[in-house]
Amino acid sequence: MWPLLIVVLVVVVVVIAVYLFGMGQEPTRRYDPGILRRRSKWRRWLPVVPLLAAVGWLALAFSGFTFSLRQTAPIAVLVLDASDSMTETDIEPDRLTAAKNAALAFLDELPQDFHVGLVTFAGDATLDVPPTEDRAQVTAAIGSITTSSGTAIGDGLEAGLAAIEEAREGSEVPAAMLLLSDGQDTASETTPLAAAGHARDAGVPVDTVVMGKAGEDGADVETLARVAQTSGGDAFTAESAGELTQRFTDIGSQLSVALEVRPSATPLVVAAILLVVVAGFLLVLTPR
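Keep in mind it's a predicted model, so treat the numbers as computed, not measured.

## Some thoughts on the packing of helix α7 (residues 192-201) against helix α8 (residues 221-231)
The interhelical angle for the contact between α7 and α8, taken along N-to-C directions, is 20°, at an axis separation of 8 Å. In terms of orientation, α7 lies roughly parallel with respect to α8. Here the hand of the crossing between α7 and α8 comes out right-handed. Contact residues: α7 offers Pro192, Leu193, Ala196, Gly197, Ala199 and Arg200, while α8 offers Thr223, Arg226, Val227, Thr230 and Ser231. Grouping the constituent residues of the contact of α7 with α8 by class yields 5 nonpolar, 4 polar and 2 charged.

Below is the structure:
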């Protein structure tokens, strides 16, 4: 951006200098059509007006002034497994506590203007916190998670996606979900892969994290990997509390970059370029 700003500014200054130099020259007397001879002298200054405006826009761009290209904050929804198996202690001090700590680390990585929601699932799915910028509310909800029987992974994704769509209000706000589970879907009305397809269609990637051991009675690593692949997200595994926290931290950092639509000085530069073009036309069309 800065090289372009410098080039445009140099062009503007050169054009102004050349035009002012030309105005200072004694014009060669010639027989112009009467309509040109009757033009007011102020018309000679017309090209300078858009050029000075272009300098003003560029000065704003150099000063760091930016336009925000985002109307609504990005959305991130945590979808956490709250089944009874989360009380197992193969991950210290237990899976649920490790998951709560990892979720808090995830929050710390997101910019404060992100809207964050929380969905938990066991035998059914519950929207604990709709997407909000009130981090205290999300933190409190994470701390109060308790377990129950059943594992409705697909319904958890559907609940998260419904919360995102409601928060979007028909706009195309960037959004993503982070799914954590230690088991296999046993209670969903919507299968995890079907829910992943719905997320893909809505432009909501789902990052998945499998915690604990895989196997017949453990996490369904293959299905969660396919959920991530189908939706456009990434799949991860974690077998310790430290590894789980690191996974969540990394995902939070990635989402901060991927979902954040940063303000830009580009509109200022574009406006300056258009004003230079207008000044060029006036230079050609306006007699001196």
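Anyway, onward from the coordinates.
## A look at the nonpolar core
Within the largest apolar cluster, 34 residues are counted, with the highest numbers of intra-cluster contacts made by Leu78, Phe106, Leu180, Val209, Leu244 and Phe248. For this core, the secondary structure elements donating two or more residues are β1 (75-81), α4 (95-109), β2 (115-121), α5 (135-143), β4 (175-181), β5 (206-211), β6 (235-238) and α9 (241-259). In terms of residue count, α4 provides more of this core than any other element does, 7 residues in total. Counting 23 residues, the second largest nonpolar core, distinct from the first, contains Val79, Phe121, Val210 and Val227.

## Some words on the environment of Ala163
Within the fold, Ala163 resides in helix α6 (residues 153-168). On the accessibility criterion, Ala163 (5% relative accessible area) is buried. Linking Ala163 and Gly117, residues 46 residues apart in sequence, is a C-alpha distance of 7.8 Å. Not counting residues within four places of it along the chain, the set of residues in contact with Ala163 comprises Leu127 and Pro131.

Conventions and cut-offs
Residues numbered from 1 in each chain as written. Predicted model: local features only at pLDDT ≥ 70, side-chain atom pairs only at ≥ 80, totals over all residues. Heavy atoms only, no water. Axes fitted to C-alpha atoms, helices over the stretch in contact; angles between N-to-C directions. Helix = DSSP H or I, 4+ residues; strand = E, 2+ residues; numbered from the N terminus. Parallel < 35°, antiparallel > 145°, perpendicular 65-115°, else oblique. Left-handed = near helix turned anticlockwise from the far one by under 90°. Contact = heavy atoms within 4.5 Å. Nonpolar A, V, L, I, M, F, W, Y, C, P; charged D, E, K, R; others polar. Core = buried A, V, L, I, M, F, W, Y, C linked by side-chain atoms within 4.5 Å. Buried < 20%, exposed > 50% of the residue type's maximum accessible area, 1.4 Å probe, protein only.

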